[in-house]
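# Observations on the model geometry
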Amino acid sequence: MKIYPWLKKTYKIIINQFIKKKLHHAIMIRSTIKIGSSQLIYLLCKKIVCIKSNNLFSCNTCHNCILMNSKNYPDLYILIPEINKKTIGIEVIKKCIEKIQNTSTLEKNTIIWIPKIHLLTESAINSLLKILEDPPKKTIFILDYYNSFKLKKTFKSRCIIYDIFPPSEKIGISWLKKKIKKKKKNLLISLRLSENSPILAKKILKNSNWKERKKFFKQIKKSIKEKNLFKLIKFFKKNLLKKIYWIYTLILDSIKYHYYKNSKLINLDQKKLIKILNKKNDLKNLYLIIDIWKKCFFYSKNIPNVNKEFILLEPLIKWEKIFKFL
């Protein structure tokens, strides 16, 4: 498994600390979007337990590496929710600590990896905080943390935090070109739609959403022409959140276009539609409608079994008034 090019620097920094025997017992990998944190952590774990390798990466041939490759390494504990549970409770933490109280099975470092720390319950967090204060010998904790989740300051204070960021557009496009055959313009659009995450950009281009997005924007243009935005409701039945996000990026592009026509637009293939929105909506109304769509996205994402049509009514009615269709 090769490391993503935009993660090499962070990987080298952490492994150099390990080689110098200065690696902190609790590492937090922090990101704001999916850019390969799991791959980074897996490669870190593999190197930490490797027996032979003298360079930055694991040898991939020693006994420990083979066990890691087959997902059978006994001293790697990946903490996830128990069967039929959505959170990681205190019992999961306690069981894990009980297992590692003695020396590790293979006399190497024991690693506890928590891929989704936002799933920890309050009692599990408090239990983990006590353990991090006085950790078992030769035990390394690696925590995967998405910044959108609020975490206790005391939790952060007991870890060394490594931030990983999306790469530049140049690096992102270079990587995408090797993975998928598409026009550079489409690579750039997908990258900007994905907040510069090449991994997410690749998914957008490879699945049906790319074609669906184009069809959806055609429907928006048609609805504006026919002066009836309520026709859009039936097109939200599938991929509601994605479509709200697409509209959000479209309005954001219209705001950008208002200030500077050659600005970095997200939807480069929708300039005609962006110009229509910019012409039909003044700047004040563009800001107003983008806030309403943001609220719509929040409700759709966070309210269980929400009535999709009801949630969509507010932004569509407001937009109809702004367009003076009502």
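The paragraphs below set out a description of the structure included in this document. (Residues numbered from 1 in each chain as written. Predicted model: local features only at pLDDT ≥ 70, side-chain atom pairs only at ≥ 80, totals over all residues. Heavy atoms only, no water.)

### A closer look at the packing of helix 7 (residues 169-179) against helix 9 (residues 198-206)
Relative orientation of the contacting elements helix 7 and helix 9 amounts to 40°, with a least axis distance of 10 Å. With respect to helix 9, the axis of helix 7 lies oblique. The way helix 7 lies across helix 9 gives a crossing that is right-handed. Here Gly-172, Trp-175, Leu-176 and Lys-179 of helix 7 lie close against helix 9, whose contacting residues are Pro-198, Ile-199, Ala-201 and Lys-202. (Axes fitted to C-alpha atoms, helices over the stretch in contact; angles between N-to-C directions. Helix = DSSP H or I, 4+ residues; strand = E, 2+ residues; numbered from the N terminus. Parallel < 35°, antiparallel > 145°, perpendicular 65-115°, else oblique. Left-handed = near helix turned anticlockwise from the far one by under 90°. Contact = heavy atoms within 4.5 Å.)

### Quick word on the sheet that holds strand 4 (residues 139-146)
Consider a sheet: its strands pair through backbone hydrogen bonds, and that pairing is either parallel or antiparallel. The strand order across the open sheet formed by 5 strands is 2-3-4-1-5, and the pairing between neighbours is parallel. The sheet terminates laterally at strand 2 (76-78) and strand 5 (160-163), the two strands that pair on one side only. Recorded for the sheet is a direction-independent mean angle of 20° between the axes of neighbouring strands. Pairing of strand 3 (residues 110-114) with strand 4 involves 5 bridges; the strand directions are parallel. Bridge pairing in strand 4 links Ile-111 to Ile-140. Where helix 1 (residues 8-19) meets the sheet, it contacts strand 1 (26-31) and strand 5, and its direction lies at approximately 155° from that of strand 5. (Pairing = 2+ DSSP bridges.)

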